[in-house]
Amino acid sequence: MNQLKNLYKEVDNLYMGNNWNKYLDSFLFDCRVRRLTVSTINVYAERLRHLARYLDAQKIDIENLTKQDLQGYVLSLLGTVSDETVNGRLRAYKRFFNYLEEEEIWEDKPNPTKGLKKIRCERKVKNIVTPTEYEIALSILNRRSFEGYRNFALLLLAWDGMLRRAEIGGLTTEHVDLKAGLVRVYGKGRKWREVPIGAKTIKVFHHYLNRFRTDITGDKFFCTREGKPLSYRHIYQIFERTGKKCGIKLAPLLIRHSAATHYLRLGGSPAILSRIMGHTSLAVTSVYVHLMPTDLVNSYEQYSPANSLHF
């Protein structure tokens, strides 16, 4: 809750806006009632802290905040942070002020976020790690040692299951079903889902469990020699250090995105991919679909309506 502590600390020292604490207390109470995760609450806190700083610098009391003031804030951000970051902050502010309005806490004044439009972001083709590059990364790991084989299995699952970092770290031995070829993960939004794994991953997991994991206590599938869970930072470092050894940038989110893109290039179903990745809709999955021009040309060459004509 560091972001939350920092938010309250800064708000207490603000020159303008004596009612910040009242609004924050009510909003954060609602976040807890809705059982939002600590990470989500911290995101809200971090974004509200940015707004509080701006208003204080401009000597704008939160009670007098207008849509025009927020538009000025947005303009001040352009070019300093990404458009996605700007939109992320706007979503948080809309949720904050909409809640205050719905609960009649924000009384006798217009909601400053009403009609405030998000920034139009240009869809960019993101860099991805190719299967060949990932094979190189996997090949440099020492599979004779516990750590080396654990890391090999972890990186393989990240590619095959397209899991988030928290999902990898939270995976337990009881939720790995090698016979069914499924792993059960606790994902975003506090939801369980079953993720299929391929035959090669099943074989690697079987060897990992029988050769390296038998005498280690604890229920976490990926752990230290003492059976302790791997921290999120530790998991990130496994990717980072492996990548540095072979000159390839590796990170959990990058591999999740790369594997999803490769899945679609192989002809995988976007609807099934959406379920595997734990997305709430196909619209969310589309973020991971960044086809290169060559993909479009190759696909169209195969399915072109004109090519089916005989003349």
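Our structure's up above, just so we're on the same page.
Described in the following lines is the structure provided in the data block. Computed from a prediction, not measured in an experiment: that's the story for all the values here.

All right, on to the nonpolar core then. Judged by nonpolar contacts, the single largest core of 48 residues is most densely connected at Tyr134, Phe205, Phe222 and Phe239. With 10 residues, helix α7 (residues 146-161) is the single largest residue contributor to this core. With residues up to four places along the chain from it excluded, the contact list for phenylalanine 222 reads Arg150, Ala153, Leu154, Leu157, Ile168, Leu171, Phe205, Tyr208 and Leu230. Core analysis: the second largest hydrophobic core is formed by 31 residues, Tyr54, Ile60, Phe97 and Ile119 among them.

This part is about the layout of surface pockets. When its volume is computed, the second largest pocket comes out at roughly 620 Å³. Leu156, Trp159, Asp160, Lys200 and Thr201 are, among the 23 residues lining the second largest pocket, the residues nearest its centre. Going through the elements one at a time, α6 (131-139), α7, α9 (199-212) and α11 (252-265) are the ones with two or more residues in the lining of the second largest pocket. With five residues, α6 is the single largest residue contributor to the lining of the second largest pocket. Residue classes in the lining of the second largest pocket are distributed as 15 nonpolar, four polar and four charged.

Further remarks concern the sheet that holds strand β2 (residues 182-187). Spatially, three strands are ordered β1-β2-β3 in an open sheet, and the strand pairing comes out antiparallel. This sheet does not close on itself; its edge strands, each paired only once, are β1 (176-177) and β3 (191-196). Here β2 pairs with β3 via six bridges, running antiparallel. Counted as the bridge partner of leucine 182 is proline 196 from β3.

Here the focus is the environment of leucine 70. Mapping leucine 70 onto the fold places it in helix α4 (residues 67-77). Judged by its relative accessible area of 0%, leucine 70 is buried. Each C-alpha atom of the pair leucine 70 and threonine 113 lies 7.6 Å from the other, and the pair is 43 residues apart in sequence. Apart from residues lying up to four places away in sequence, leucine 70 is in contact with Leu51, Leu65, Pro112, Thr113 and Leu116.

Once that is clear, we can look at the pairing of β2. Of the two faces of β2, only the one carrying Val183, Val185 and Gly187 is buried; Leu182, Arg184 and Tyr186 on the other face are not. If you look at the hairpin formed by β1 and β2, you'll find four residues sitting between the two strands, and glycine 181 has a positive phi there, around 70 degrees. The hairpin formed by β2 and β3 contains three residues between the paired strands, and glycine 189 there has a positive phi angle of roughly 80 degrees.

A few words now on the pattern of salt bridges. Here the structure, examined in full by the defined rule, presents eight salt bridges. Of the charged contacts, one joins arginine 34 and aspartate 30 as a salt bridge, the two residues approaching to 3.0 Å between their closest N and O atoms. The exposure class assigned to arginine 34 is partly exposed, which follows from its relative accessible area of 35%. Residue class for aspartate 30 comes out buried when judged on its relative accessible area of 14%. Across the salt bridge formed by glutamate 167 and arginine 164, the nearest N and O atoms sit 2.6 Å from each other. Several salt bridges share partner residues, and in doing so they unite Asp30, Arg34 and Arg95 into one network.

One turn of an α-helix holds 3.6 residues; hence residues three or four places apart share an orientation. Listing the buried residues of α6 in full gives Tyr134, Ala137 and Leu138. Buried positions in α6, seen along its axis, are confined to an arc of 95 degrees and lie on one side of it. Residues Thr132 and Glu135 are exposed on α6 and point more than 90 degrees away from its buried face. Against α7, α10 (232-246) and α11 lie the buried residues of α6.

Reading guide: rules and limits
- Residues numbered from 1 in each chain as written.
- Predicted model: local features only at pLDDT ≥ 70, side-chain atom pairs only at ≥ 80, totals over all residues.
- Heavy atoms only, no water.
- Core = buried A, V, L, I, M, F, W, Y, C linked by side-chain atoms within 4.5 Å.
- Buried < 20%, exposed > 50% of the residue type's maximum accessible area, 1.4 Å probe, protein only.
- Helix = DSSP H or I, 4+ residues; strand = E, 2+ residues; numbered from the N terminus.
- Contact = heavy atoms within 4.5 Å.
- 1 Å grid on protein atoms, 1.4 Å probe; cavity = no way out; pocket = protein on both sides within 12 Å on 5 of 7 lines; lining within 4 Å.
- Points joined across faces, edges and corners; volume = space filled by probe spheres on them.
- Nonpolar A, V, L, I, M, F, W, Y, C, P; charged D, E, K, R; others polar.
- Pairing = 2+ DSSP bridges.
- Salt bridge = Lys/Arg side-chain N within 4 Å of Asp/Glu carboxyl O.
- Arc of directions from axis to C-beta.

These figures come from the coordinates and say nothing about function on their own.
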